[in-house]
Amino acid sequence: MIKLASVGEELDVFIVKAFLVATFLLVIGDAISTFLYHVPEHVFGKFHSLVHHGKNRSFVHYAVLTRNPLVLLDGFLGALPYFIFVPWLWNISPLGTIIGLILGELHVVWRHVSIIKWKTPKQVKLLCKLLFITTPERHCLHHKNANLAYGDIFTFYDYPARLWLKFLVFLKVKYKQTMTTKQT
Ligand SMILES: [Zn+2]
Ligand SMILES: [Zn+2]
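Residues numbered from 1 in each chain as written. Chains lettered and ligands numbered in written order. Predicted model: local features only at pLDDT ≥ 70, side-chain atom pairs only at ≥ 80, totals over all residues.

**Brief notes about the overall build of the chain**
Here is the rule we go by: Helix and strand assignments come from DSSP, with helices taken as H or I runs of at least 4 residues and strands as E runs of at least 2, each series counted from the N terminus. The burial criterion counts other C-beta atoms lying within 10 Å of a residue's C-beta, which is placed from the backbone; the residue is buried at 20 or more, exposed at 12 or fewer, and partly exposed between these limits.
Helices and strands together make up the secondary structure of the chain, namely 9 helices and 0 strands. Reading the chain from its N terminus to its C terminus gives the helix and strand order α-α-α-α-α-α-α-α-α. When each of the 184 residues of the chain is scored for burial, the buried share is 23%.

What follows is the structure in structure tokens.
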């Protein structure tokens with residue numbers, strides 16, 4: 001009986017660890033990706049806007065099935081933050097790390113299904129709202145207007161990301177002003 005109880009406890013710890021590691025990987029990965037890549041890229045870069053917000057985009061592009069190296073590079077840079085912590089998280093829970101990466105990848109595909117006229121069922125929408133998860137409909141808003149709906153996976157990054165965007169735009173404008181006054 002004692003042995004069975006300890007096996008049960010070990011299993012509980014195993015599951016909790018996997019759950020926490022998977023959640024941490026997605027939360028931290030989305031934070032780094034949003035604040036250090038996605039938002040700065042909208043302000044200072046052309047690359048993400050061109051690839052991700054371009055007019056001639058298709059679902060296939062987003063599913064990273066394309067051979068266009070620019071699209072693959074954008075996908076790679078966007079996905080890199082999720083891999084930074086893998087060696088450390090792997091030590092805590094390999095299963096949680098794998099689940100986190102798979103869920104992250106599945107979410108990339110899912111949030112781009114709007115292009116094939118997908119409609120998220122009401123119950124799923126409600127669940128996403130409760131868990132602060134970005135739905136394809138919400139992510140579609142970001143594609144249409146780059147000032148809206150930040151947070152690729154989690155909606156709670158939207159507000160701080162938009163503040164960050166404003167601040168970086170302000171810096172860019174200030175920098176340009178100083179450069180032009182220096183030239184004249
Ligand atoms: Zn997108
Ligand atoms: Zn964007």
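**A few points about unusual backbone geometry**
Phi is positive for F132, which is not a glycine, with a value near 60 degrees. By the element assignment, F132 lies in the loop between helix 7 (122-131) and helix 8 (136-144). Backbone geometry places A149, a non-glycine residue, at a positive phi of 50 degrees. If you trace the backbone, A149 turns up in the loop between helix 8 and helix 9 (158-183). For A149, a count of 21 C-beta atoms within 10 Å gives the class buried.

**Some words on the nonpolar core**
Quick note on the threshold: Structurally, a nonpolar core is described as a collection of buried Ala, Val, Leu, Ile, Met, Phe, Trp, Tyr and Cys residues joined by way of C-beta atoms within 7 Å. For the purpose of contact definition, each residue receives a C-beta atom placed from its backbone, and two residues are in contact when these atoms lie within 7 Å.
If you look at the biggest cluster of nonpolar residues, it comprises 8 residues: V21, A22, L25, L26, Y82, L89, I133 and I153. Sort the elements by how many residues they give to this core and helix 1 (residues 2-44) lands first, with 4 residues. Leaving out residues up to four positions away in the same chain, I133 has contacts with C128, I153 and F154. Counting 5 residues, the second largest nonpolar core, distinct from the first, contains A149, Y150, Y157 and A161.

**Describing the environment of L171**
Its place among the elements puts L171 in helix 9. As for L171 and V43, which are separated by 128 residues in sequence, their C-alpha atoms are 9.7 Å apart.

**Here we look at helix 6 (residues 94-110)**
Using the following cut-off: Take the residue count of a helix, subtract one, and multiply by 1.5 Å to get its expected span. Directions are taken from the helix axis to each C-beta atom, and the arc is the one they span.
Taking 1.5 Å per residue as the helical rise, helix 6 with its 17 residues ought to reach 24 Å, and the 24 Å between its terminal C-alpha atoms agrees with that figure. Regarding helix 6, the residues found buried are G96, T97, G100 and G104. All buried residues of helix 6 project into a common sector of 105 degrees when viewed along the axis, lining one side. More than 90 degrees from the buried face of helix 6, the exposed residues found are I102 and L106.

**Some points on the environment of T134**
As for its placement among the helices and strands, T134 is situated in the loop between helix 7 and helix 8. Given 23 C-beta atoms within 10 Å, T134 falls into the buried group. Measuring from C-alpha to C-alpha, the distance between T134 and R111 comes to 7.4 Å, with 23 residues separating the pair along the chain. In this structure T134 touches R111, H139, G151, D152, I153, F154 and T155, once residues within four positions along its chain are discounted.

**Overview of helix 7**
Counting buried positions over the 10 residues of helix 7 gives 0, only a small fraction of the element. One or two steps after helix 7, the chain reaches F132, where phi turns positive at roughly 60 degrees.

**Section: the confidence of the model for the chain**
Let me state the cut-off plainly: Values of pLDDT, ranging from 0 to 100, describe the predictor's confidence in every residue of the model.
When pLDDT is averaged along the chain, the result is 86, and 89% of the positions lie at 70 or above. Mean pLDDT per element in the chain: helix 3 (residues 59-62) is the minimum at 49, and helix 7 is the maximum at 96.

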